[in-house]
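Per-entry structural report
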Amino acid sequence: MVDGRAAEEQLRGLRAAVVEVRRVLPGEADAAVDLDVRNAWARLRPGDGAFVSEQLARRMKLSIGDSVEVPAPGGNWTLAIVGIYADYGNPKGQIAVNFAALTRRFPQVPLTRMGLSVWPAAVPGLISALQDKFGLDGRNLIDQATMKAESTRIFNRTFAVTAALNAFTLGVAGIALLTSLLTLGNSRLPQLAPLWAIGITRKRLAGIELLKTMSVALITTLLALPLGLLVAWCLIAVVNVKAFGWRLPFHVFPLQLFELVGVAMAASLLAALIPVLKLARMQPARLVKIFADER
């Protein structure tokens with residue numbers, strides 16, 4: 001549990017906040033993105049170990065096992081890095097240390113916030129008692145479960161907008177593919193007329209054209225998928241790190257890839273059927289005219 005006790009210090013010319021970790025709540029250990037040291041959370045208790053945020057680790061080129069010197073009133077405080085954690089959106093670097101160790105090193109830093117862990121059923125009564133005793137309002141006293149529920153609701157609404165934009169983008173891409181294949185199908189008609197002239201039936205020509213268009217669409221889609229994943233990885237692992245100092249996790253979702261392939265093939269089938277049906281129903285006289293014009 002991290003509270004409001006912190007100290008702003010300069011580390012190699014970079015301003016960083018030294019914050020405290022009092023104890024680990026269930027699931028909090030998952031917040032660390034890189035814990036290669038065995039019993040990393042236990043390493044914080046003696047006061048000589050620390051977690052650093054990903055931004056600070058990248059700026060100072062730190063990794064697990066390195067040490068960092070923190071200026072303190074009683075002399076430099078040497079801390080071994082035992083974990084690196086994600087801290088998305090925070091422009092400041094942070095070093096998380098044991099509460100007791102921080103209090104010893106920075107006794108002048110005030111304790112401005114604190115957290116209490118109680119049974120859910122006791123939360124309303126505790127909030128009421130604290131408000132009556134200390135005159136606190138909603139700005140000073142927050143129920144974590146309520147705040148988490150509201151944050152999750154806003155988060156889900158954000159992703160609802162993202163899903164709508166994804167659907168819109170996918171629709172635009174499908175229309176672009178449809179238009180391109182329709183143009184290609186119409187331009188292919190003069191090349192099919194000589195094949196009809198040497199004896200291939202219109203229905204067989206239509207089947208060949210349909211198979212060829214679908215094959216080209218499938219090959220193009222299968223080549224585009226790894227290229228798209230590569231571009232996404234570059235944005236996450238290179239561009240985002242250079243711009244913000246932190247890296248998002250990279251996950252591949254097979255169902256979405258199958259959905260993308262399905263949309264591409266459906267648009268290709270629709271685009272191929274229109275000129276194919278047109279070819280299958282075309283009058284021989286028109287094919288003769290096209291063949292004569294091409295000669």
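Keep in mind that this is a model prediction, so the values were computed, not measured.

**Some thoughts on the overall build of the protein chain**
Scanning the protein chain from N- to C-terminus turns up 8 helices and 7 strands. Every one of the 295 residues in the protein chain was classed for burial, and the buried ones make up 30%. Of the contacts formed within the protein chain by residues at least 6 apart in sequence, a portion of 71% connects residues at least 24 apart. On the protein chain, roughly 18,900 Å² of surface is accessible, and the fraction owed to carbon and sulfur atoms is 64%.

**Some details on the layout of surface pockets**
Of the voids in this model, the second largest pocket is the one considered here, and its volume is about 1,400 Å³. Together, 34 residues line the second largest pocket, and Asn166, Leu229, Gln256, Leu257 and Leu260 are the ones closest to its centre. When residues of the lining of the second largest pocket are traced back to their parent elements, those giving at least two are α5 (144-197), α6 (202-244) and α7 (254-280). Broken down by element, the lining of the second largest pocket gets its largest block of residues, 11 residues, from α5. Split into classes, the residues belonging to the lining of the second largest pocket amount to 24 nonpolar, 9 polar and 1 charged.

**Regarding unusual backbone geometry**
Positioned with a positive phi, lysine 61 is a non-glycine residue whose angle comes to about 55°. Relative to the assigned elements, lysine 61 resides in the loop between α2 (54-59) and β5 (67-70).

**Side note on helix α4 (residues 123-134)**
Residues spaced three or four apart along an α-helix face the same direction, because each turn holds 3.6 residues. A rise of 1.5 Å per residue sets the reference length of α4, with its 12 residues, at 16 Å; its end C-alpha atoms lie 16 Å apart and thus fit the reference within 8%. One or two steps after α4, the chain reaches glycine 135, where phi turns positive at roughly 65°.

**Things to note about the nonpolar core**
In terms of nonpolar packing, the biggest core is built from 20 residues, with Val52, Val70, Trp77, Leu79, Ile95, Val97 and Phe106 touching the most fellow members. Elements supplying a minimum of two residues to this core: β4 (49-53), α2, β5, β6 (77-85), β7 (93-98) and α3 (99-105). No other element matches the 4 residues that β6 contributes to this core. Ranked by size, the runner-up nonpolar core spans 9 residues in total, among them Val19, Ala40, Phe51 and Val82.

**Side note on the pairing of β7**
With 6 of 6 residues buried, β7 lies mostly within the body of the structure. Inspection of the sheet shows β4 paired to β7 by 2 bridges, in the antiparallel sense. Considered in β7, the bridge of valine 52 is made with isoleucine 95.

**A short note on the pairing of β6**
With 8 of 9 residues buried, β6 is to be regarded as a mostly interior element. Here 5 bridges tie β4 to β6, and the two strands are oriented parallel to one another. Paired with glycine 49 across the bridge in β6 is alanine 80. With 4 bridges connecting them, β5 and β6 associate as antiparallel partners.

The rules behind each value
Residues numbered from 1 in each chain as written. Predicted model: local features only at pLDDT ≥ 70, side-chain atom pairs only at ≥ 80, totals over all residues. Heavy atoms only, no water. Helix = DSSP H or I, 4+ residues; strand = E, 2+ residues; numbered from the N terminus. Buried < 20%, exposed > 50% of the residue type's maximum accessible area, 1.4 Å probe, protein only. Contact = heavy atoms within 4.5 Å. Areas by Shrake-Rupley, 256 points an atom, 1.4 Å probe, with all protein chains shown as cover. 1 Å grid on protein atoms, 1.4 Å probe; cavity = no way out; pocket = protein on both sides within 12 Å on 5 of 7 lines; lining within 4 Å. Points joined across faces, edges and corners; volume = space filled by probe spheres on them. Nonpolar A, V, L, I, M, F, W, Y, C, P; charged D, E, K, R; others polar. Expected span 1.5 Å × (residues − 1). Core = buried A, V, L, I, M, F, W, Y, C linked by side-chain atoms within 4.5 Å. Pairing = 2+ DSSP bridges.

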